[in-house]
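# Structure at a glance
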Amino acid sequence: MKTFPIGGVHPSANKLSCAKPIEVLPLPEAVNIPLAQHIGAPAVAKVAKGDKVLTGQLIAEAGSFMSANIHSPISGTVTAVDMVPNGQGLRQMMITIKREGDEWAEGIDRSDKLVRECSLSAQEIIARIKEAGIVGMGGATFPTHVKLSIPAGKKAECLIINGVECEPYLTSDHRMMLEHGEEMVVGVTILMKAVGVGKAYIGIENNKPDAIAHLSKIAAQYKGIEVVPLKVRYPQGGEKQLIAAVTGRQVPPPPALPIDIGAVVCNASTTFAVYQAVQKRMPLIQRVVTITGKNLREPRNLLTRMGTPVSALIAAAGGLPENAGKVINGGPMMGRAMVNLDSPVTKGCSGITVLSERDARRREASQCIKCAKCVSACPMGLEPYFLSKMTQKKNWDELEARMITSCIECGCCQSTCPAYLPLLDWVRLGKQTVMGRIRARAAAAAPKK
Amino acid sequence: MEVLLYTILTLCVLGVLAAVILYFVAQKFRVEEDPRIDEVEKMLPGANCGGCGFAGCRGMADALVKRDDISDLFCPVGGGDCMKAIAAYLGKAAAEKQPEVATVRCGGTCEKRPRTNEYNGTKSCAVAASLYVGETGCAFGCLGFGDCVAACAFDAIRMNPETGLPEVDPDKCTACGACVKACPKMVIELRKKWPKNRAVYVSCVSKDKGAVVMKACKAGCIGCGKCEKVCAFGAITVENNLAYIDPQKCKLCRKCVNECPTGAIKLVGMDPLPKEPKAPAAPKAAPAAEKAVAKEAPKAAPAAEKAAAKEAPKAAPAAEKAAAKEAPKAAPAAEKAAAKEAPKEPSHES
């Protein structure tokens, strides 16, 4: 069975909610919509305080090519466009809407009817995706229309759908594949048309045999779509790891992108969103969020409108348990601990994990014994112990030479370290600093031309 | 015997030969360096702190000797005297710069800024700042992991475990700016150094709106603008809900200190102005209270005295209570003294 060639770890899966069907979370009374829910420039607000908005109405427009539209997830009145603390407590520009009923904007098809045929051209498909404000829903929130717009001189050879969901605890993509497999495969055909390829692979780890069987059955009805079962290994859901696992080809180090080796990767939930955007004119205003944790009364998969406070999800799962130590936006490997539970669900939020005090507490770090476990665990072939040390010494040139910008922040190094060193903390800081230096250099070089 | 002789002779010949070659090579490849660079390096403090912008004192000395115009070069550690001496030696015009001192602009002590969560990661401000807001509700203030302390080469900045904030020793601080660079929240600023280490500054960098600040911290600037109105020198500006006192324009008149409703404006090395309108009976009582504090404090601890003097109000009973609140941090003995004396004084008068 296929998998990626180097590094990786095998954390316990803890997929507590994998048998729980998707349920609809009741509409929130008010929502906060951040203008920056994606990589790139923040969207520009098109509404002001006091405006009435409808569900699905455009409320913020993409700020540049590398940006995404944002639509209102509920109908009601805009009460503020202001700085609001996000999950990490940092101030972010958000649009606050108070709900009044649930009136939808015109032109959105809300029926469940499956629409297979798509007569649009590639350009039209990409335009609809852009209009709907779709971004990568696996967590990276890369604007999908940017990914599908193949730069001149490059050619896509295959499309890869990411149904791996290697992050422990999370099950939103798994449930989407089981319950919306038909739509998803239609979405795959639409994406194939958009990037002009005849071959698509759906990569699924073999701890989801039901999803593999279900999608294989549906994919057999279409030409050129193949389900690829993958050996369970974290971080297989990383874009570069998935490409290596499915095609056997390595993406060169940055600034190279997957398209340089002819691959386009799209997340499973994103594929469903693409189907809805193109066939139903449905903007990205809701997503499935897994609310999970060993001590939660009822882990669930909830179809949630964007902007819903995380506290509402926790309440729907039976409330915060007494021994809760950390609430994480995302899974335990790559998620971010939250300090503000009133912060909203955004386009990239695939799950909320509640860890107990015992599970959440980090252990006392001791000295590095140069065992190199982090080196063998790193899926990008980096040397985390060295990068972490160099960051502490602020040796930015050395870090750049050692390809710190390749780090995908998967956390394999830290989870495998027998000395419990906070490797990722430092590497992430080093990566941010080095990327800042590269940007500053590019900015300094630009005006001279 | 012969073998030994030949060996010694051969080695001697080889040695002489090598010496001759090395002599000519050294002559040929000799690096001409201005001897003044060595002299100037000796005149510099030799701290190699990087405060001048060069990697070390040698780099600075090199630049001082080689550049014609040295008015933009300044050694913050050596200060004006050091620069004057070097300039006189080199026959160039020295840079003139007023003395500065690092100032920590955050008053969010453990007491005034309650912790809302517990940070379990790497104890580094830079790492914490890259992850999230910090252990308190304030998104702008000191994180308290001491990156500034680690950056200081002069032991001039230390963490106070009671307040959770760094404190600068103005006598040791050389204004090299290492802590300013190390702080990811940009809390520390180099400000004009007044005689006797006096200072008036806004001890807050929060750009949040007043209501948000009040919720997160009791010592924050809420941007009310009272200080801006009372300042006669136009030294205070309020921008983005935050007041800033321009150290160049400020004359240390201290009017703003009394106006500030949250106590965000810090006064160091001076007594505050008497409060005017509210308590007409107070002025007489106040000096007595102050004396009482001054009498008791030295016994307790010299540090406590400073703290008490800083806070000791000349007038209103309300302000005296504040002193009683402030004192415990410094020393319990001083607290008792202040607490004992404070209530008595107004009662004598009334």
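About the thresholds
Along every chain, residues carry numbers that run from 1 in the direction the sequence is written. By the order in which they are written, chains take letters starting at A while ligands take numbers starting at 1. In view of the model being predicted, local features appear only for residues whose pLDDT reaches at least 70, and side-chain atom pairs are presented and counted only at 80 or more, with totals across whole chains, interfaces and linings using the full set of residues. Side-chain measures here rest on the full set of heavy atoms in the structure, leaving out hydrogens and waters. Elements are defined by DSSP. Helices are runs of H or I of four residues or more, strands are runs of E of two residues or more, and each kind is numbered from the N terminus. Between buried and exposed lies partly exposed: a residue is buried under 20% and exposed over 50% of the maximum accessible area for its type, with that area taken using a 1.4 Å probe on protein chains only. Any two residues having at least one pair of non-hydrogen atoms within 4.5 Å are treated as being in contact. Only the protein chains shown count as cover for residues, and the accessible areas themselves come from Shrake-Rupley with a 1.4 Å probe. Only strands joined by at least two bridges in the DSSP assignment are considered to pair. A clockwise course of the path from the first strand over the helix to the second, judged with the strands pointing away from the viewer, identifies a crossover as right-handed. When a carboxyl oxygen of Asp or Glu lies within 4 Å of a side-chain nitrogen of Lys or Arg, that pair is called a salt bridge. Here a polar contact is taken to be a pair of N or O atoms separated by no more than 3.5 Å, where protein atoms must pair a possible hydrogen donor with a possible acceptor and residues adjacent in sequence count only if both atoms sit in side chains. Here a pair means two rings of Phe, Tyr or Trp (six-membered ring of Trp) with centres within 6.5 Å. Their orientation is stacked below 30 degrees between planes, edge-to-face above 60, and tilted elsewhere. For a lysine, the NZ atom is tested; for an arginine, the CZ atom; a charge sits over a ring if that atom is within 6 Å of the ring centre and within 35 degrees of the ring normal. What fixes the domain bounds is an automatic or database domain assignment. Here's the idea: put two parts together, see how much 1.4 Å probe accessible area each one loses, and the total over both is what we call buried area. Side-chain classes follow a simple rule in which Ala, Val, Leu, Ile, Met, Phe, Trp, Tyr, Cys and Pro form the nonpolar group, Asp, Glu, Lys and Arg form the charged group, and the remainder, Gly included, forms the polar group. Patch membership requires more than 30% relative accessible area and the absence of a salt bridge. Residues of like charge join within 9 Å; the nonpolar side chains Val, Leu, Ile, Met, Phe, Trp and Tyr join within 5 Å. Residue types Ala, Val, Leu, Ile, Met, Phe, Trp, Tyr and Cys, when buried and joined through side-chain atoms within 4.5 Å, form a set referred to as a nonpolar core.

With that settled, the discussion passes to the overall build of chain B. Within chain B, the regular secondary structure consists of 14 helices and eight strands. Buried residues in chain B amount to 39% of all 350 residues. Partitioning the contacts of chain B with sequence separation of at least 6, the portion at a separation of at least 24 is 57%. Here chain B displays about 19400 Å² of accessible surface, and carbon together with sulfur accounts for 59% of that area.

Another aspect to go through is helix H3 (residues 57-66) of chain B. Within an α-helix, residues lying three or four positions from one another point in the same direction, as the helix has 3.6 residues per turn. Every buried residue of H3 of chain B is listed here: Cys 57, Met 60, Ala 61, Ala 63, Leu 64 and Val 65 of chain B. Residues of H3 of chain B that are buried in the fold lie against helix H2 (35-43) and helix H4 (79-90) of chain B.

On to helix H6 (residues 239-247) of chain A, then. All names here are of chain A. The element H6 is largely enclosed, with a buried count of seven among its nine residues. For H6, the complete set of buried residues consists of Lys 240, Gln 241, Leu 242, Ile 243, Ala 244, Ala 245 and Val 246. On its buried face, H6 is in contact with strand S9 (158-162), strand S10 (200-205), strand S11 (225-230) and strand S12 (263-267). Directly after H6, the chain includes Gly 248, whose backbone phi takes a positive value near 80°.

Let's shift gears to the pairing of S10 of chain A. All names here are of chain A. Here S10 lies mainly inside the structure; six of its six residues are buried. Note: S9 against S10, four bridges, orientation parallel. By the bridge assignment, Asn 162 is partnered in S10 with Gly 203. As judged from the six bridges shared by S10 and S11, these two strands associate in the parallel manner. Counterpart to Ile 204 in the pairing with S11 is Pro 229. Between S10 and its parallel partner S11, the chain crosses via helix H5 (residues 209-219), and the hand of that crossover is right-handed.

Chain B puts 18 residues into the contact, and the matching count from chain A is 16 residues. Seen at the junction of chain B and chain A, the total is three salt bridges. When the shortest N-O distance is used, the salt bridge between Asp 82 of chain A and Lys 209 of chain B registers 2.6 Å. On inspection of chain B and its partner chain A, the count reaches nine residue pairs in polar contact (both at pLDDT 80 or more).

Bringing the packing of aromatic side chains into the picture now. Following the criterion strictly, the structure yields five aromatic pairs over all chains and no others. With 5.4 Å between their ring centres and 80° between their planes, Tyr 23 of chain B and Phe 24 of chain B make a pair best called edge-to-face. According to the relative accessible area criterion, Phe 24 of chain B is exposed, its value standing at 53%. Arranged with centres 5.8 Å apart and planes meeting at 20°, the rings of Tyr 119 of chain B and Tyr 132 of chain B form a pair that is stacked. One end of the pair, Tyr 119 of chain B, is in the loop between strand S1 (100-104) and helix H5 (125-131); the other, Tyr 132 of chain B, is in the loop between H5 and helix H6 (147-151), and 13 residues separate them in sequence. Taking the relative accessible area as the measure of exposure, Tyr 132 of chain B reaches 7% and is therefore buried. What links up through ring pairs into an aromatic cluster is the set Tyr 119, Tyr 132 and Phe 145 of chain B. Positioned above the aromatic ring of Phe 4 of chain A is the side chain of Arg 233 of chain A, whose terminal nitrogen or guanidinium carbon lies 4.6 Å from the ring centre. Against the face of Phe 233 of chain B rests Lys 251 of chain B, its NZ or CZ located 5.8 Å from the ring centre.

Time to look at the domain arrangement of chain A. Residue and element names in this part refer to chain A. Segmenting chain A into domains produces domain 1 (122-280) and domain 2 (373-442). For domain 1 versus domain 2, the separation of C-alpha centres amounts to 28 Å. Contact with domain 1, which involves six residues of that partner, is made by eight residues of domain 2. Summed over both sides, the interface between domain 1 and domain 2 buries roughly 560 Å², with carbon and sulfur atoms accounting for 69% of that surface. When the buried surface of domain 1 facing domain 2 is broken down by residue, Tyr 234, Gln 241 and Pro 254 rank first, second and third, together holding 59% of it. Between domain 1 and domain 2 we count zero salt bridges in total. Our count for the domain 1 to domain 2 interface comes out at two residue pairs in polar contact (both at pLDDT 80 or more). Looking at the side of domain 1 that touches domain 2 residue by residue, the classes come out as four nonpolar, one polar and one charged.

Here we take up a nonpolar patch on the surface. Together, Val 16, Val 20, Tyr 23 and Phe 24 of chain B give the surface a local cluster of nonpolar side chains, amounting to about 420 Å² of exposed area. Topologically, Tyr 23 of chain B is positioned in helix H1 (residues 2-28).

Here the focus is the nonpolar core. Residues and elements named next belong to chain A. Of all hydrophobic cores here, the largest spans 49 residues; its most connected members are Leu 159 and Ile 225. With nine residues, the top contributor of residues to this core is helix H4 (residues 181-195). Excluding residues within four positions of it along the chain, Ile 225 makes contact with Val 185, Val 188, Thr 189, Met 192, Ala 200, Ile 202 and Ala 219. Counting residues in each nonpolar core, the second largest holds 23 residues, with Ile 243, Ala 245, Val 246 and Ile 261 among its members.

This next bit is on the environment of Glu 364 of chain A. All names here are of chain A. With respect to the helices and strands, Glu 364 occurs in the loop between helix H9 (357-360) and helix H10 (373-377). The sequence separation of Glu 364 and Leu 421 amounts to 57 residues, and the corresponding C-alpha distance is 8.2 Å. Look past the residues within four positions of Glu 364 in its chain and what remains in contact with it is Ala 419 and Tyr 420.

What follows concerns the pattern of salt bridges. Proximity of charged atoms lets side chains of opposite charge pair with each other. Within this structure, the stated rule accounts for 38 salt bridges over all chains. A salt bridge links Glu 118 of chain B to Arg 361 of chain A, with the shortest nitrogen-to-oxygen separation between them at 3.1 Å. Here Arg 361 of chain A lies in the loop between H9 and H10 and Glu 118 of chain B lies in the loop between S1 and H5, a pairing that spans two chains. With a closest N to O distance of 3.6 Å, Asp 155 of chain B and Lys 172 of chain B form a salt bridge. With Asp 155 of chain B in the loop between H6 and strand S2 (157-160) and Lys 172 of chain B in the loop between strand S3 (165-168) and helix H7 (178-182), this residue pair connects regions lying 17 residues apart in the sequence. Lys 172 of chain B gets classed as partly exposed once you look at its relative accessible area, which sits at 38%. The network of salt bridges with shared partners includes Glu 33, Asp 38, Glu 41 and Arg 58 of chain B.

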